[in-house]
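Geometric and topological summary
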Amino acid sequence: MTDEDLSGFPLALEGPDVPMVSFRKVSKRYGELVVLDALDLDVAEGEMVTIIGPSGSGKTTVLRMLMTLETINDGVIYVDGKPLTHMPQNGRLVRANARHLREMRSNIGMCFQHFNLFPHMTALENCMEGPVHVLGMPKKDARERAEELLEMVGMADKRDQHPSRLSGGQQQRVAIARALAMRPKVMLFDEVTSALDPEVIGEVTNVIRQLVARHNLTMLMVTHQMGFAKDISDRICFFFGGRIEEQGTPDELFGNPQKERTQQFLSAVKEAA
Amino acid sequence: MFDWRWDFTFEILPRLIMATGNTLLAAVLGYGIAVVLGLVFALAQRTPYRALTFVVREAVEFIRSTPLVLQIFFVFYVGPQFGLRLSPWTAGMIAIGLHYASYLSEVYRGGLDSVPKGQWEAATSLNLSTRRTYFRVVIPQALPPSLAGMGNYLVGIFKDTPMLSVIGVAELMHTATAIGSETYRYLEPYTLVGLIFLAISLPTAAGIRVFERWVRRKLGLS
């Protein structure tokens, strides 16, 4: 790793309004291809932010970097005030080691487009795996928590089924329960309805609606469901070319987009729907 | 032309059946070593330590490219020159275990590679450690696609145990040859050896297929 100049980045974020998630000048490149270009993005505690934009605009990368599935080239990401991609050492920031990443990762949960449930475990076992083997919970408690969460996503009656016996919508609901079982502060939803048949999208979006209404989770979502995003988001970010082209409340962004690219994108999406 | 003697056949049968026990023991022990060591070889090639990966991969390649019988001779006869004085059984088990571990490591490698990337990412998102990810998530899914290959090599190692006779392990082949040189009759002992191998190989192969289906069901994968 080359020496980075991180002198402009604080060791920790302090103050009364520390955002739950903060991207500071974060860049991601694959060779010549710039996926994210000096991204600045703050997400407040309890805020629901939806990222929209054309494919290749870097929206999924934002979530994957937060989940530490991708490394970053420049900048620093903070979660709950503490650096995620880096760690303080001798009064300055250095690249995070595996231990720091593990510690920070416990703040974050993620749901994937293709669910990625463990196929050899039942719905219940999927939801108990992390609590038992990562959090070290007693099996009995982990089972109780898992059952509660499966109940919440309406999957209690299928708890002993393996994923191969579940529909896509059911698998995704189990995946949400599995992520929530780790009690993350931040939840990431990466195109969670994109692989679903149209008639089951509602059962997944309803679960997310419920989460937004009843829990004070910080959430970041990438989606193509514009109506859904408009309903539940506190803020919409329109990504274009690795940057936030425009952002605002759903009413502002969908009702009165200022930038030409946003207008083009939204009208293209509207035509397709 | 054929001079098959039934009385002689029944006379030598108990001895051969006793020796079959040794053959089975050699196959099971050798396979046990190979199954575990093969996994070690496969996992060693997936660590971030480049030097380790390189050494293990080359060693596997080397073992796969040289004859088993040479490796058996080498461990047994050359070992003592390096202060490694081993009984025929020990030397044989080391050689055959190592040999089949190399083949099995390739089977495992295919199985491990077949586990989708999304499974790794899900494990990371749940903060599972690398060790737990392997043992709880990846290996259980890599197992079913590896079983067919593993079964082939189980039958393979069983059929290769006669090579241990060259260093004097008293298995089936060795016993049949001994009977031959005592009585100058080879037809019956070697025919019986062939039949015994057949009688064990065929049901084993069928059993492996049943086991494969059972594992898939058990893991909820089908």
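Reference entry: report on the structure contained in this document.

About the thresholds
Residues numbered from 1 in each chain as written. Chains lettered and ligands numbered in written order. Predicted model: local features only at pLDDT ≥ 70, side-chain atom pairs only at ≥ 80, totals over all residues. Heavy atoms only, no water. Helix = DSSP H or I, 4+ residues; strand = E, 2+ residues; numbered from the N terminus. Rg over C-alpha atoms; globule rule 2.2 N^0.38 Å. Buried < 20%, exposed > 50% of the residue type's maximum accessible area, 1.4 Å probe, protein only. Contact = heavy atoms within 4.5 Å. Areas by Shrake-Rupley, 256 points an atom, 1.4 Å probe, with all protein chains shown as cover. Buried area = accessible area lost by both parts, 1.4 Å probe. Salt bridge = Lys/Arg side-chain N within 4 Å of Asp/Glu carboxyl O. Polar contact = N/O pair within 3.5 Å; in protein donor to acceptor, adjacent residues only side chain to side chain. Nonpolar A, V, L, I, M, F, W, Y, C, P; charged D, E, K, R; others polar. Expected span 1.5 Å × (residues − 1). Pairing = 2+ DSSP bridges. Axes fitted to C-alpha atoms, helices over the stretch in contact; angles between N-to-C directions. Patch = residues over 30% accessible without salt bridge, like charges linked within 9 Å, V, L, I, M, F, W, Y side chains within 5 Å.

On to the overall build of chain A. Assigned secondary structure in chain A consists of 9 helices and 12 strands. Its C-alpha atoms give chain A a radius of gyration of 19 Å, within 12% of the compact-globule value 19 Å for 273 residues. In chain A, which comprises 273 residues, the proportion classed as buried is 53%. The contacts in chain A between residues at least 6 apart in sequence include a share of 63% that link residues at least 24 apart. Put simply, chain A shows about 12500 Å² of open surface, and 45% of that area lies on carbon and sulfur atoms.

Let us look at unusual backbone geometry. Positive phi values are uncommon outside glycine, yet Asn90(A) reaches one of about 50°. You can see Asn90(A) is positioned in the loop between strand S6 (86-89) and strand S7 (92-95). For Asn127(B), which is not a glycine, the phi torsion comes out positive at approximately 70°.

Listed as interface residues are 21 residues of chain B and, on the opposing side, 24 residues of chain A. Surface buried jointly by chain B and chain A totals about 2000 Å² across both partners, of which 56% is contributed by carbon and sulfur atoms. Summed over the shared surface of chain B and chain A, the number is 2 salt bridges. Where Glu129(A) meets Arg136(B), a salt bridge forms, and the shortest distance between an N and an O atom there is 2.8 Å. One can count 7 residue pairs in polar contact (both at pLDDT 80 or more) joining chain B with chain A. Of all the secondary structure elements, the ones that give two or more residues to the side of chain B that touches chain A are helix H5 (117-125) and helix H6 (130-160) of chain B. In terms of residue count, the dominant contributor to the side of chain B that touches chain A is H5(B) (8 residues). For the side of chain B that touches chain A, the per-class residue count stands at 8 nonpolar, 9 polar and 4 charged.

Residue and element names in this part refer to chain A. Taking 1.5 Å per residue as the helical rise, helix H5 (residues 168-180) with its 13 residues ought to reach 18 Å, and the 18 Å between its terminal C-alpha atoms agrees with that figure. Taking burial as the measure, the 13 residues of H5 include 12 buried ones, the bulk of the element. Among all positions of H5, only Gly-169, Gln-170, Gln-171, Gln-172, Arg-173, Val-174, Ala-175, Ile-176, Ala-177, Arg-178, Ala-179 and Leu-180 are buried.

This part is about the pairing of strand S11 (residues 235-240) of chain A. All names here are of chain A. Burial of S11 is extensive: 5 of the 6 residues sit out of reach of the surface. Bridging between strand S3 (residues 48-52) and S11 involves 4 bridges; their strand directions are parallel. When the bridges of S11 are listed, Thr-50 appears paired with Ile-236. Connecting S11 to the next strand, strand S12 (residues 243-248), in antiparallel fashion are 2 residues, including Gly-241 with a positive phi near 60°.

Glancing now at the sheet that holds S12(A). Residue and element names in this part refer to chain A. Taking strand neighbours across the sheet as the criterion, the 6 strands line up as S8-S9-S10-S3-S11-S12 in an open arrangement whose pairing is mixed. Lying at the two open borders of the sheet, with one neighbouring strand each, are strand S8 (108-111) and S12. Mean inter-strand twist for the sheet, computed between neighbouring axes without regard to direction, equals 20°.

Residues and elements named next belong to chain A. Structurally, the position occupied by Val-35 is in strand S2 (residues 33-43). Relative accessible area serves as the criterion here: at 9%, Val-35 is assigned to the buried category. Setting aside chain neighbours within four positions, we find Val-35 in contact with Lys-28, Arg-29, Tyr-30, Ser-57, Gly-58, Thr-61 and Gly-242.

Taken together, the side chains of Phe73(B), Tyr77(B) and Val166(B) present a nonpolar region at the surface, about 270 Å² in accessible area. When its relative accessible area of 47% is taken as the criterion, Tyr77(B) is described as partly exposed.

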